[in-house]
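# Breakdown of the fold
Listed below are the residues making up each chain.
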Amino acid sequence: MSFLNGSSPRRHAAESDIEAGPSARRSADLDDGDFSDPFDIARTKNASIERLRRWRQAALVLNASRRFRYTLDLKKEEEKKQILRKIRAHAQAIRAAYLFKAAGGESRSEPIKPIPIPTGGEFPIGQEQLASISREHDTAALQQYGGVVGLSDLLKTNLEKGVHGDDADLLKRKNAFGSNNYPRKKGRGFLMFMWDACKDLTLVILMIAAAASLALGIKSEGIKEGWYDGGSIAFAVILVIVVTAISDYKQSLQFRDLNEEKRNIHLEVIRGGRRVEISIYDIVVGDVIPLNIGNQVPADGILITGHSLAIDESSMTGESKIVHKDSKDPFLMSGCKVADGSGIMLVTGVGINTEWGLLMASISEDTGEETPLQVRLNGVATFIGIVGLSVAVVVLIVLLARYFSGHTKNSDGSAQFTAGKTKVGDAIDGAIKIVTVAVTIVVVAVPEGLPLAVTLTLAYSMRKMMADKALVRRLSACETMGSATTICSDKTGTLTMNQMTVVEAYAGGMKIHPPHKLESYPLLRSLLIEGVAQNTNGSVYAPEDANDVKEVSGSPTEKAILHWGLKLGMDFTAARSESSIIHVFPFNSEKKRGGVALQTSDSDIHIHWKGAAEIVLACCTGYIDANDQLVEMDEKMTFFRKAIEDMAADSLRCVAIAYRSYEKEKVPTNEDLLAHWSLPEDDLILLAIVGLKDPCRDGVKDAVQLCQKAGVKVRMVTGDNVKTAKAIAVECGILGSYADATEPNIIEGKTFRGLSDAQRDEIADMISVMGRSSPNDKLLLVQSLRRKGHVVAVTGDGTNDAPALHEADIGLAMGIQGTEVAKESSDIIILDDNFSSVVKVVRWGRSVYANIQKFIQFQLTVNVAALVINVVAAVSSGDVPLNAVQLLWVNLIMDTLGALALATEPPTDHLMDRPPVGRREPLITNIMWRNLLIQAMYQVSVLLVLNFRGRSILGLSHDKNDHAIKVKNTLIFNAFVLCQIFNEFNARKPDEYNIFKGVTKNYLFMGIIGLTVVLQIVIVEFLGKFTSTVRLNWKQWLICVVIGIISWPLAVIGKLIPVPTTPIKNVFTKCGTSGSGRKEREESQ
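As the structure is a computational prediction, the values presented were derived from the model and not from experiment. (Residues numbered from 1 in each chain as written. Predicted model: local features only at pLDDT ≥ 70, side-chain atom pairs only at ≥ 80, totals over all residues. Heavy atoms only, no water.)

### Side note on the overall build of the chain
- The number of helices and strands found in the chain is 38 helices and 26 strands.
- In the chain, 73% of the contacts between residues at least 6 apart in sequence involve partners at least 24 apart.
- Of the accessible surface of the chain, which amounts to about 45700 Å², a share of 58% is contributed by carbon and sulfur atoms. (Helix = DSSP H or I, 4+ residues; strand = E, 2+ residues; numbered from the N terminus. Contact = heavy atoms within 4.5 Å. Areas by Shrake-Rupley, 256 points an atom, 1.4 Å probe, with all protein chains shown as cover.)

### Describing the pattern of salt bridges
- In this structure the tally under the stated criterion is 31 salt bridges.
- One salt bridge connects Glu 663 with Lys 666, and the closest N-O pair in it is separated by 3.8 Å.
- Classification of Lys 666 as exposed rests on a relative accessible area of 52%.
- The partner of Lys 823 in a salt bridge is Glu 820, with the nearest N and O atoms 3.7 Å apart. Taken together, the residues span about one helical turn, with Lys 823 and Glu 820 both in helix 29 (residues 820-825) at a distance of three residues. (Salt bridge = Lys/Arg side-chain N within 4 Å of Asp/Glu carboxyl O. Buried < 20%, exposed > 50% of the residue type's maximum accessible area, 1.4 Å probe, protein only.)

### With respect to the sheet that holds strand 25 (residues 810-814)
- Pairing within the open sheet is mixed, and its eight strands lie in the order 8-26-25-24-9-21-23-22. Of all the strands in the sheet, the pair left with one neighbour each is strand 8 (470-472) and strand 22 (746-748). Sheet twist, expressed as the mean angle between neighbouring strand axes with direction ignored, is 20°.
- With three bridges joining them, strand 9 (residues 486-489) and strand 24 (residues 792-796) adopt parallel strand pairing. In the sheet register, Thr 486 faces strand 24, and the bridge partner there is Val 792. (Pairing = 2+ DSSP bridges. Axes fitted to C-alpha atoms, helices over the stretch in contact; angles between N-to-C directions.)

### Thoughts on the environment of Val 714
- Note that Val 714 resides in strand 21 (residues 713-717).
- Look at Val 714 and you get buried, because its relative accessible area is 2%.
- Separated by 229 residues in sequence, Val 714 and Thr 485 have C-alpha atoms that sit 8.9 Å apart.
- Discounting chain neighbours no more than four positions away, the residues touching Val 714 are Ile 487, Val 704, Cys 707, Ile 734, Ser 768 and Phe 835.

### Here's the deal with the side chain of Gln 980
- Along the polypeptide, Gln 980 turns up in helix 33 (residues 961-988).
- Polar side-chain contacts of Gln 980 include one of 2.9 Å to the side chain of Gln 939. (Polar contact = N/O pair within 3.5 Å; in protein donor to acceptor, adjacent residues only side chain to side chain.)

### Here's the deal with the side chain of Arg 271
- Within the secondary structure layout, Arg 271 lies in strand 1 (residues 266-271).
- Take Arg 271: its relative accessible area is 10%, and that puts it in the buried class.
- A polar atom in the side chain of Arg 271 sits 3.1 Å from the backbone oxygen of Asp 282.
- For Arg 271, the contacting residues outside a window of four places in its chain are Lys 161, Val 163, His 164, Gly 165, Leu 170, Val 276, Ile 278, Asp 282, Ile 283, Val 284 and Asp 287.

### Some points on the nonpolar core
- Counting residues in each nonpolar core, the largest one holds 79 residues, and the members touching the most others are Ile 441, Leu 888 and Phe 976.
- Ranked by residues supplied to this core, first place goes to helix 33 with 14 residues.
- Leave out the neighbours within four places in its chain, and Phe 976 touches Val 862, Ala 865, Ala 866, Ile 869, Leu 882, Val 890, Gln 939 and Leu 943. (Core = buried A, V, L, I, M, F, W, Y, C linked by side-chain atoms within 4.5 Å.)

### So, the UniProt feature "transmembrane region" (unreviewed entry) in the chain
- Per the UniProt record, the feature "transmembrane region" (unreviewed entry) sits at residues 201-218, 230-249, 380-404, 434-460, 1003-1024 and 1036-1057.
- Taken end to end, residues 201-218 is 100% helix and 0% strand, and its two terminal C-alpha atoms sit 26 Å from one another.
- Taken end to end, residues 1036-1057 has its terminal C-alpha atoms 32 Å apart, with 86% of it in helix and 0% in strand. (UniProt positions renumbered as here; feature names shortened; annotations may be inferred.)

### Brief notes about the pairing of strand 16 (residues 605-612)
- Most of strand 16 is tucked away, with eight of its eight residues classed as buried.
- Relative to strand 16, strand 15 (residues 593-600) is paired through seven bridges, and the arrangement is antiparallel. Looking across to strand 16, one finds that Leu 598 is bridged to His 606.
- When strand 16 meets strand 19 (residues 652-662), the two strands line up antiparallel, connected through eight bridges. Each bridged residue has a counterpart across the sheet, and for Trp 609 the counterpart in strand 19 is Ala 658.

### Some words on a nonpolar patch on the surface
- On the surface, a cluster of nonpolar side chains totalling about 530 Å² of accessible area is made up of Trp 1034, Leu 1038, Val 1041, Val 1042, Ile 1045 and Ile 1046.
- Take Val 1041: it is sitting in helix 36 (residues 1034-1045). (Patch = residues over 30% accessible without salt bridge, like charges linked within 9 Å, V, L, I, M, F, W, Y side chains within 5 Å.)

### Remarks on the pairing of strand 2 (residues 274-279)
- Note that strand 1 and strand 2 share six bridges and pair antiparallel. Across the sheet, Ile 270 pairs through a bridge with Arg 275, a residue of strand 2.
- The hairpin turn running from strand 1 into strand 2, its antiparallel successor, is two residues long, and Gly 272 in that turn takes a positive phi close to 60°.

### Considerations on the packing of aromatic side chains
- Summed over the entire model, instances satisfying the criterion amount to 16 aromatic pairs.
- Between Tyr 506 and Phe 639 the ring centres are 5.9 Å apart and the planes differ by 70°, which places this aromatic pair in the edge-to-face class. You can see Tyr 506 sitting in strand 10 (residues 501-507) and its partner Phe 639 sitting in helix 21 (residues 636-649), a full 133 residues away along the chain.
- The exposure class of Tyr 506 is buried, given its relative accessible area of 8%. (Phe/Tyr/Trp six-rings, centres within 6.5 Å; stacked < 30°, edge-to-face > 60°.)

Here is the structure:
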């Protein structure tokens, strides 16, 4: 019973939620599931190889190459790791050689400067020389070419403005140095899928039986008549193979397209002086690329300028050590991640000419991945398969015993086998037909298509989710999202539009209206322009035509402040040229601020800070007043704090801009000391506090309400201050009113961080809003919620969100604002950064689960009915009404066509009217048991009555015996198939009365039903020789249709029967527990 429910019975009531566990247990332990059941893996996200191997070994499989095609290929995974180890060893050898060279460099004499070898092309340096410098990290060779400046001249690149970027220039570069792509391993062709489908053990046995039957038939009856029996089985098997291969091949093409989409990263490059967004595949040698925290290094290159730039090279070297990059070690390897800081690089190697390109070309990236539902369905298929196999063996023994004992009769009443009289060939032919029927029962009984239906519905869902702006990176996330009980969402860009504008400003000790009117404050204005222009990751491109609109790039916050700076009268290029940057402290989500040290044209040192208003304000000891005079902060601190509170209450993001002067003598002159210099952040002078408006997205309130109705709690986790978070949460509907905004409903990150594990677990459920949170606070919240038994979905965009995205059951990265590090740690990428798209993912997740349940209900009904009819008939009369060819056709309807029809049902609003599906809930619910048993009992009863009393009921008593039996068996076969066609409509809506709702919109379903009906008519009316059927008259067709159509009102009546909420398996478990409890009490007395 445990297999049928897809999980194991629990022994104690205390274990009713295995997911929750004791509060002190780490959330990672929750992933293991029940070790006694190999098919119970709660989360495949971080499952061990041993655990994955166990369920494969436990599964009853007829065709391993097909069944395990979309699961993780454990052998390939090991090969991939070995290749990675080799390439990483190479990278480490290069580093060791580089360090050895650097250590002995002082004692060596300077080698002769090599002359660049003309390539006969457009550039005086060739790909081989560039590759040699980059791969070998050859600093000496780089210096001999004149450093990065000399190299840029050879590559005809301007280090500030980049390449020209016109089509002719890009084509020349691609021809000379290659494109940023690598050869993909060729995908499997259609014939390979055909070959895989042929490997099914039962189909192989049937083909052998068909060949033997063909040979014996031709021998005894001649080629004209003798080939029908064997040929029909062979044709049916080939049809099954072809349809299976087509379905599998189409799925593989969908996955291939999705994998291509996953690899297609978009990033900014500088071309012609402006920042443009391009695909990673369009990068060329000579491109100038800005790098920020969380970016992936898209190609091999050399650092032009960098500020505290730290690179995580673990993807190449296997070491988690962060490497700092500067002029001494300027080499950047493709595929690595920016761990901290920022910089600008010159591309020197692309595609196959990089270590990363070689690595990607040498490994097969898509080695598959199993999902929890897939594993559980393998358990269901194994259980059903064992039952089916047992039935087939019983049928085989009974039929062979009856046949060889002379109890199996011909239509004229004579024994089919008489010892000593029947020819050997005829005896073998009879035995082959019996074996064929038994093997075909196995084909029908072992639901090979059941676990593959998950892959089919996931492939369909993933393609459709792309249209709904969600790119699925991990298959399992697609279905896990249907079980999500809580979503921890960012505020900026997810719940809001991410279109920020400065709407309020406080400067000179007062509110400025309009917020850019600072003409009467020359000193304050000049300092603000200096800080805005230099302390930014964004940029402003001014077209040559002065009338054209200036292009501002950067994050939404940076863009808003740069636009404000332009309104102040800032000339971005001029402002940046008036001072030079000494050191940068990049914006940090932990410290919530970023700073820059400048040297002005007068050799003064200015340190500018920008960040969360109340945090920067706390570091200020003075401000510049309306007379451009420096004034002590004193009582004005209260005024500025009140200003921040007022702006936050209006749901504005508050950013403070401050600066201080610094003694030049205290600035480190040594490059190493400067790289680790902590910018002074005390005694700051406040320049301005600005309020940025970021309106809520349209429809976000409806989306939040839909989640709440569906039993999914939405929590906001934001870095903004608590008052801003509160205002937005009320506007979005996360908080019902301001009256709800009390602890612990709304909490500050540092308060939550300061609690113990037990205290955090206690209040985690109640938290709706967390303000001023760090990425680590988000991780702690996720861990607490998971320990409480929640299935947690988390959105994230920053590099520091990676641990929380990884820890969550479903990590959702933002496609627009998200860094590559966040995207790689995520399971699904929300392409439009919109919360409404997150809700659509929940609907799709529920749809996946619901569709699989529909398919299970439909398939089990067919299984039970076909098995019972054939077993009862075989045991009682020694003959089976459904022969091998007919059963193969039923199997095709049930497996491939049924999966296509039911597994591709689009999601409906009805899915959001029910609570989330628990990960331990049985796959086959009580409602499904009721539906399938009613239908199966009806089909079995009607068809067995027809089998035993069909001749008299159908008025065939006066017909010839042989013809009457054929008509009766044809009618049973036809009625059985029509029952499945009508029941397919019932399976669409297991718990709704209107089974036709939305059916006309599902063209695939209608197409498959239509195709099945047409093929059934063709089989019965025109292919009788192959299927052992005869033509039916209109009255007999009407009887079949009536038998089939009765399943509709029967389903409606069935739905009126109430079912217990306790799963069937729990009832048995309780009975067992109470029984053993009574026994123990009796023994103790």
